[in-house]
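Analysis of the macromolecular model
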2 protein chains.
Amino acid sequence: MEMQSIEKVEEEVERVVEQAKELQDSASSLINRTSSDEQSLRQRALALDSNIRRLRSSLHSLPSKLADKLEDDLHRATCLIYDGDASSFLPNKAHGRFLRMFIGPINVRASHKDVQFKVKEEYNSYRDRTALLFLLFPSTLLILRSWIWDECLPAFPVQLYQAWLLFLYTGLALRENILRLNGSDIRPWWIYHHYCAMIMALVSLTWEIKGQPNCAQKQRGVQLFLLWAMMQGVAMLLQNRYQRQRLYTRIALGKAKRMDVVWGETAGVDGQLWLLCPVLFILQGFEAYVGLLLLKTAFVGVVSEWQVITCGILLVLMAVGNFTNTVQTLMVKSRF
Amino acid sequence: MEMQSIEKVEEEVERVVEQAKELQDSASSLINRTSSDEQSLRQRALALDSNIRRLRSSLHSLPSKLADKLEDDLHRATCLIYDGDASSFLPNKAHGRFLRMFIGPINVRASHKDVQFKVKEEYNSYRDRTALLFLLFPSTLLILRSWIWDECLPAFPVQLYQAWLLFLYTGLALRENILRLNGSDIRPWWIYHHYCAMIMALVSLTWEIKGQPNCAQKQRGVQLFLLWAMMQGVAMLLQNRYQRQRLYTRIALGKAKRMDVVWGETAGVDGQLWLLCPVLFILQGFEAYVGLLLLKTAFVGVVSEWQVITCGILLVLMAVGNFTNTVQTLMVKSRF
Ligand SMILES: CC(C)(COP(=O)(O)OP(=O)(O)OC[C@H]1O[C@@H](n2cnc3c(N)ncnc32)[C@H](O)[C@@H]1OP(=O)(O)O)[C@@H](O)C(=O)NCCC(=O)NCCS
Ligand SMILES: CC(C)(COP(=O)(O)OP(=O)(O)OC[C@H]1O[C@@H](n2cnc3c(N)ncnc32)[C@H](O)[C@@H]1OP(=O)(O)O)[C@@H](O)C(=O)NCCC(=O)NCCS
């Protein structure tokens, strides 16, 4: 190589090292600057929030009409803080224990509204994908059972299915916790519901699947469990359809003017809700029924393992919780 | 209330609403500004990175002494980009499938080095907490077995333990994936190792725990499994001690001058490694032995469920993988 081009390479390397140093400096100054800007916004948001609280508590002594108007104004300001871009600077809601146990203290809040919508949408499509499997998997098992397996489920496919359920519910519970941290108003119960379902899947994994003779009778518990699972699939599909449409309405509105979202968001899908709910109630009744059947099999029948009793109790508990929470949701909605 | 103070409240509310709007504007402009700054840093980092690559490939035609020096310079520049503050602006390593399946596409990268250290430290203390339980839980089971339970483990506590293992390994695998995204150099195998352990815990949950008569013989598999688990506890405790010290050395150095960290980081703990490794090798040999014993019980003994065979194969696989990866780590380290 010629002397000249060697020198050129040397120079280039020197320049690159220089640039790397500069880059490091810019990066570190950007990080510092951003974090101090964020700090000051955080303080402003907190101060404003406590100001609003203070003012709100002083309204009651005003003439009622004026109080209503001012209350409305304050509500609008609160919405702006909590639903607007400032929300990402409010102190993090504490990580729930569940999320902490699985992924530790890492920050999972997205600072951009767009990203938040994307996370929600991914959650919805995850549910869609799984809802179908939810229907297919247990129904295949049940069909094969009476068609090929001579009323006697083999252990392995059922256990595979139960392991899949466990994995699925864990994923749902984690995602919902993350959504909550990102500002979703999801009721805590729907998350607890998935904890219960996780426990149920785990318990059912340890549940011994007995074979012949007298298989149909011994496997009554497993069979009921599969029925419940199919039903969950139906509920999920319906709910997905409704919630996906709700999100789209919301994105459409949110793009135009965020404030309307808070009050009029369900406008387009309210009708659907009144159609969805009776179906949900029937499914919830069926859930309780399956739970009670399980308890009955455990107490009078041949199968009396603790697993059957636990699953029965959990199902009844979930049915009651689902019912009360659906009713409460409807009540809140009809108030507006 | 007097007219005057009513007016004052009205004014205050108006001001608060105004402030909320201002806050929203500042927040949204900060977010936009930051994201465009980040964008430009990202481009600079990428351009520089590809420049370095290009230069590196042109070095071979230089006289070897000069090439070595320039290679060193380029290496320093690369370290500055990948280990410095700029690293948080390099394009995200793609989420692994595992993380994606559980928590979806949410960003889990911390942009501050401090936070990254904190995450790592939390991971270490999580491991510490569990390593103790890892020893206590199975050894209690084994002691009670010969002391109270008359050589016959009851199913429930063993299953509880297996469920705990499943949960634990899932948590570890998730955290390690997150650490990797945050720039840890953890070898992929250590993560796969935890996937294998997860599968093993899941499989062992479906493993029927038979009772009397002839219990000691039928439960041979479970017993071996518990022995393996205790051994894991010992390995974890030793490893934790070593890795914790390594992190501290690193933080201490990292605070002073980051560049030294990259080359001389293990200086203080290298001695420990040579002490740790023989112990690890013995444990890995024992792991393979337990695996082979399991396979033997499955093929010649009374217990021939598929669960025993699967666990045996997984254990041998893990032992081989652990061994080769430990050796490779040592080889890489001794090269410096
Ligand atoms: C009743 C129901 C349709 C109401 O849905 P909704 O109109 O979205 O309810 P809300 O307005 O209270 O929703 C608030 C938030 O919680 C979320 N949410 C509501 N119910 C949820 C559920 N079951 N699972 C997960 N998220 C839920 C919504 O998506 C919304 O999130 P966002 O704030 O991020 O937009 C819904 O809760 C539901 O389907 N419940 C029944 C579930 C059930 O019983 N399943 C089992 C049957 S066996
Ligand atoms: C051999 C060993 C001690 C080397 O550890 P080390 O010196 O930290 O290895 P490296 O320098 O390659 O580590 C690179 C990174 O991987 C991490 N790492 C290494 N081994 C790890 C493991 N087994 N689990 C999790 N993380 C590990 C380190 O913490 C380091 O992370 P960082 O980049 O964030 O600092 C370690 O890998 C080990 O203990 N392996 C044996 C494990 C085993 O066999 N267990 C079962 C026995 S039955």
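Before any of the text, the structure's been laid out above.
These lines cover the structure that appears in this document, whether it is placed above or below. (Residues numbered from 1 in each chain as written. Chains lettered and ligands numbered in written order. Predicted model: local features only at pLDDT ≥ 70, side-chain atom pairs only at ≥ 80, totals over all residues. Heavy atoms only, no water.)

**Things to note about the overall build of chain A**
Rules: Secondary structure elements follow DSSP: runs of H or I of four or more residues count as helices, runs of E of two or more count as strands, with numbering from the N terminus. Throughout, a residue-residue contact means that at least one pair of heavy atoms, one from each residue, lies within 4.5 Å. Residue burial considers only the protein chains on display, and all accessible areas are found by Shrake-Rupley using a 1.4 Å probe.
The helix and strand inventory of chain A stands at 11 helices and zero strands. Reading chain A from its N end, one meets helices and strands in the order α-α-α-α-α-α-α-α-α-α-α. Look at the contacts in chain A between residues 6 or more apart in sequence, and 75% of them connect residues 24 or more apart. As displayed, chain A has an accessible area near 16700 Å², and 60% of this comes from carbon and sulfur atoms.

**Looking at the nonpolar core**
To keep things clear, this is the line we draw: Put simply, a nonpolar core is a bunch of buried Ala, Val, Leu, Ile, Met, Phe, Trp, Tyr and Cys residues held in one set by side-chain atoms that sit within 4.5 Å of each other. Buried, partly exposed and exposed residues are distinguished by accessible area as a fraction of the type maximum, computed with a 1.4 Å probe on protein chains only: under 20%, between the cut-offs, and over 50%, respectively.
Counting residues in hydrophobic clusters, the biggest one holds 126 residues, and the most contacted among them are A:Trp228 and B:Trp228. Once residues within four sequence positions are removed from consideration, B:Trp228 is found in contact with B:Tyr169, B:Met200, B:Glu287, B:Val290, B:Leu315 and B:Met318.

**Things to note about the pattern of salt bridges**
For side chains of opposite charge, pairing can occur when their charged atoms come near one another. Note the threshold: Salt bridge, as used here, is a side-chain nitrogen of Lys or Arg placed within 4 Å of a carboxyl oxygen of Asp or Glu.
Here the structure, examined in full by the defined rule, presents 18 salt bridges over all chains. With a shortest N-O distance of 2.8 Å, B:Lys69 and B:Asp73 are connected by a salt bridge. Separated by four residues within a single helix, B:Lys69 and B:Asp73 lie in helix 2 (residues 64–83), roughly one turn from each other. In this structure B:Asp73 comes out as buried when scored by relative accessible area, which is 15%. In this structure, B:Arg76 engages B:Asp73 in a salt bridge whose closest nitrogen and oxygen atoms are separated by 3.5 Å. Placement of the pair is B:Arg76 and B:Asp73 together in helix 2, with a separation of three residues, close to one helical turn. Judged by relative accessible area, B:Arg76 falls into the partly exposed class, the value being 36%. A single salt-bridge network, built from bridges that share partners, covers A:Lys69, A:Asp73 and A:Arg76.

**Some words on a negative patch on the surface**
Residues and elements named next belong to chain A. For clarity, the threshold we go by: Every patch collects residues that have over 30% relative accessible area and no salt bridge, joining them within 9 Å if they carry like charges and within 5 Å if they are nonpolar side chains (Val, Leu, Ile, Met, Phe, Trp, Tyr). Here the positive residues are Lys and Arg and the negative ones are Asp and Glu; neither His nor the chain ends is included. Positions of charges follow a simple convention, taking NZ of Lys, CZ of Arg, CG of Asp or CD of Glu.
Taken together, the side chains of Glu7, Glu10, Glu11, Glu14, Glu18, Glu22 and Asp25 make up a negatively charged region of the molecular surface. Among the secondary structure elements, glutamate 11 is positioned in helix 1 (residues 3–58). Since its relative accessible area comes to 52%, glutamate 11 is described here as exposed.

**Overview of the relation of the copies chain B and chain A**
Two copies of the chain are present, and they differ by a rotation about an axis and a shift along that axis. We apply this condition: A least-squares fit on C-alpha atoms brings the copies together, and the residues used are those whose pLDDT is at least 70 in both copies.
Overlaying chain B on chain A yields an RMSD of 0.1 Å, the required transformation being a rotation through 180° with an accompanying axial translation of 0.1 Å. The transformation relating the two chain copies, once decomposed into turn and shift, fits a two-fold axis. Same-surface contact between copies: 100% of interface residues of chain B are shared with the interface of chain A.

**Notes on the interface of chain B and chain A**
Here is the rule: The buried area of a pairing is the accessible area, by a 1.4 Å probe, that goes missing from both parts when the two are put together, added over both. Each residue receives one of three labels: charged for Asp, Glu, Lys and Arg, nonpolar for Ala, Val, Leu, Ile, Met, Phe, Trp, Tyr, Cys and Pro, and polar for the others, Gly being one of them.
Listed per partner, the contact involves 80 residues of chain B and 80 residues of chain A. The three residues of chain B that bury the most area against chain A are B:Leu23, B:Phe102 and B:Ile106, which together make up 9% of that side's buried surface. Viewed at the interface, chain A and chain B are joined by four salt bridges. A salt bridge links A:Asp37 to B:Arg33; the shortest N-O distance between them is 3.7 Å. Listed by contribution, the elements that provide at least two residues to the side of chain B that touches chain A are helix 1 (3–58), helix 2, helix 3 (97–103), helix 4 (113–147), helix 5 (155–181), helix 6 (188–205) and helix 11 (306–335) of chain B. Per-element tally for the side of chain B that touches chain A: the top contributor is helix 1 of chain B, with 31 residues. Here the side of chain B that touches chain A is built from residues that sort into 45 nonpolar, 20 polar and 15 charged.

**Re the packing of helix 1 of chain A against helix 1 of chain B**
The condition is simple: Interaxial angle, 0 to 180 degrees, is taken between N-to-C directions of lines fitted to C-alpha atoms, where a helix line uses only the stretch in contact. Just so you know how the angles are binned, under 35 degrees is roughly parallel, over 145 roughly antiparallel, 65 to 115 roughly perpendicular, and the rest oblique. We call a crossing left-handed when the near helix sits turned anticlockwise from the far one by less than a right angle, and right-handed when that turn is clockwise.
Close contact between helix 1 of chain A and helix 1 of chain B brings their axes to 10 Å; oriented N to C, the two are set at 165°. Between helix 1 of chain A and helix 1 of chain B, the angle is such that the two are roughly antiparallel. In this structure, the crossing between helix 1 of chain A and helix 1 of chain B has a hand that is left-handed. When grouped by side-chain class, the residues that make up the contact of helix 1 of chain A with helix 1 of chain B number 22 nonpolar, eight polar and 14 charged.

**Quick look at the packing of helix 1 of chain B against helix 2 of chain B**
All names here are of chain B. Between helix 1 and helix 2, whose axes approach to 11 Å, the crossing angle comes to 160°. Between helix 1 and helix 2, the angle is such that the two are roughly antiparallel. Remark: the crossing between helix 1 and helix 2 carries left-handed chirality. Where helix 1 approaches helix 2, its residues Leu48, Asp49, Ile52, Arg53, Leu55 and Arg56 are matched on the opposing element by Glu71, Leu74, His75, Ala77, Thr78, Ile81 and Tyr82. Considering only residue class, the contact of helix 1 with helix 2 consists of seven nonpolar, two polar and four charged.

**Looking at the packing of aromatic side chains**
We count it as follows: We call Phe, Tyr and Trp rings a pair once their centres come within 6.5 Å, taking the six-membered ring for Trp, and we label the pair stacked below 30 degrees between planes, edge-to-face above 60, and tilted otherwise. We count a charge as sitting over a ring when the NZ of a lysine or the CZ of an arginine lies within 6 Å of the ring centre and within 35 degrees of the ring normal.
Under the defined criterion, the tally for this structure stands at 24 aromatic pairs over all chains. Put simply, the rings of A:Phe98, A:Phe102, A:Tyr192, A:Tyr195 and B:Phe167 pair up and form one aromatic cluster. Across from the ring centre of B:Tyr126, 3.7 Å away, lies the NZ or CZ of B:Arg175, which sits over that ring.

**Some words on empty space enclosed by the protein**
Defined as follows: Points on a 1 Å grid, built from protein atoms alone, make a cavity when a 1.4 Å probe fits but cannot get out and make a pocket when they are open with protein on both sides within 12 Å along at least 5 of 7 lines; residues with an atom within 4 Å of a point are the lining residues. Grid points are joined across faces, edges and corners, and a volume is the space filled by probe spheres set on the points.
Applying the stated criterion across every chain yields a total of five cavities of 30 Å³ or more. By volume, the largest cavity is sized at about 50 Å³. Together, A:Ile103, A:Gly104, A:Pro105, A:Ile106, B:Val119, B:Glu122, B:Tyr123, B:Arg175 and B:Ile178 line the largest cavity. Those elements giving two or more residues to the lining of the largest cavity turn out to be helix 4 and helix 5 of chain B. Counting residues per element, the lining of the largest cavity draws most heavily on helix 4 of chain B, which supplies three residues. When grouped by side-chain class, the residues that make up the lining of the largest cavity number six nonpolar, one polar and two charged.

**Examining the side chain of B:His193**
By secondary structure assignment, the location of B:His193 is in helix 6. Excluding its chain neighbours within four sequence positions, the residues that come into contact with B:His193 are B:Gln232, B:Glu287, B:Met318 and B:Asn322.

**With respect to the environment of A:Trp164**
Residues and elements named next belong to chain A. Note on placement: tryptophan 164 falls in helix 5 (residues 155–181). Owing to a relative accessible area of 16%, tryptophan 164 belongs among the buried residues under this scheme. Considered as a pair, tryptophan 164 and alanine 201 are 37 residues apart in the sequence and their alpha carbons are 8.7 Å apart. Ignoring anything within four residues of it in the chain, the contact list for tryptophan 164 reads Thr130, Leu133, Phe134 and Phe137.

**Some words on a nonpolar patch on the surface**
Residue and element names in this part refer to chain A. Together, Ile143, Trp147 and Ile148 make up an exposed nonpolar region whose accessible area comes to about 410 Å². Residue position: tryptophan 147 is located in helix 4 (residues 113–147). What makes tryptophan 147 exposed here is its relative accessible area of 69%.

**Examining the environment of B:Lys296**
When you line up the elements, B:Lys296 lands in helix 10 (residues 270–300). Distance in space between the C-alpha atoms of B:Lys296 and B:Gly221 is 9.9 Å, their sequence separation being 75 residues.

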